[in-house]
Amino acid sequence: MKENIDFNKGNGLVAVVIQDALTMKVLMQAYMNEAAFDQTVAEGKVTFFSRTKNRLWTKGETSQNYLWVKRMQLDCDGDCLLIQVKADGPTCHRGTETCFDTTESSSKGFVYELQDVISSRIDNKTEGSYTYQLYQRGINKVAQKVGEEAVEVVIEAKDNNADLFKNEAADLMYHYLLLLKAKGFTLEDIEAVLKERHQ
């Protein structure tokens, strides 16, 4: 990869975008020179060139919040790197996960926005809402509905109708989010369990 990086275009530097390898959330942006790139490849944790300190800077050298390299990609012009990482704690110096001010749900994708909608319908007791009506019927009914949708997904998985399968899978996902809300949990809680298992 290094031979294709155009360090000359940026006076010895290339832009680097850091992205969480699991959530795909953009965490930060910085710069590398050749020495920083070589050190990153050698150590497996991200090292930048600090323009303010005028030296190599390994992210986490003081905070211990290292960025461990999972994948690296070079853009089509050869002057920007995308590095997907596993982050040891917050990336931003403010103690936040990312250096960009984005709402938590919108930065993670539509499923998280849907989780917010479900939560809002229930918290606001939205009359006429299917979500709130099912929630009012109690945890047993919500859990039963998740079971029914799961069976329908299994049935459609055995057939070859992609549209029916995707629709049943979407129904299952929706009712699963509703069940999590009814139990007082969120997708983030389940993600934490999966991340712990993954380590």
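Looking at an unreviewed UniProt entry, one finds the protein chain named Histidine biosynthesis bifunctional protein HisIE, with Myroides phaeus as its source organism. The annotation that UniProt attaches to the protein chain under Subcellular location (unreviewed entry) is "Cytoplasm".

> Explain the domain arrangement of the protein chain to me, and be specific about the residues and the numbers.
As assigned here, the protein chain comprises domain 1 (2-87) and domain 2 (110-198). Measuring from the centre of the C-alpha atoms in domain 1 to the corresponding centre in domain 2 gives 38 Å.

> With reference to specific residues and values, describe the UniProt feature "domain: Phosphoribosyl-AMP cyclohydrolase" (unreviewed entry) in the protein chain.
As annotated in UniProt, the feature "domain: Phosphoribosyl-AMP cyclohydrolase" (unreviewed entry) corresponds to residues 28-100 in the numbering used here. As a span, residues 28-100 carries 14% helix and 40% strand, and end to end its C-alpha atoms are 7 Å apart.

> An account of the pairing of strand β1 (residues 14-20) is needed here, citing residue identities and associated values.
Most of β1 is tucked away, with six of its seven residues classed as buried. Sheet topology places β1 next to strand β2 (residues 26-32); six bridges connect them, and they run antiparallel. Bridging from a neighbouring strand, I18 pairs with M28 of β2. Turn length for the β1-β2 hairpin, with the two strands adjacent in sequence and antiparallel, is five residues, and the turn residue M24 shows positive phi of about 65°. Of the pairings in the sheet, the one linking β1 to strand β6 (residues 80-87) comprises six bridges and is parallel in character. Looking at β6, one finds that D20 is bridged to V85.

Quick notes on the rules
- Residues numbered from 1 in each chain as written.
- Predicted model: local features only at pLDDT ≥ 70, side-chain atom pairs only at ≥ 80, totals over all residues.
- Heavy atoms only, no water.
- UniProt positions renumbered as here; feature names shortened; annotations may be inferred.
- Domains from an automatic or database assignment.
- Helix = DSSP H or I, 4+ residues; strand = E, 2+ residues; numbered from the N terminus.
- Buried < 20%, exposed > 50% of the residue type's maximum accessible area, 1.4 Å probe, protein only.
- Pairing = 2+ DSSP bridges.

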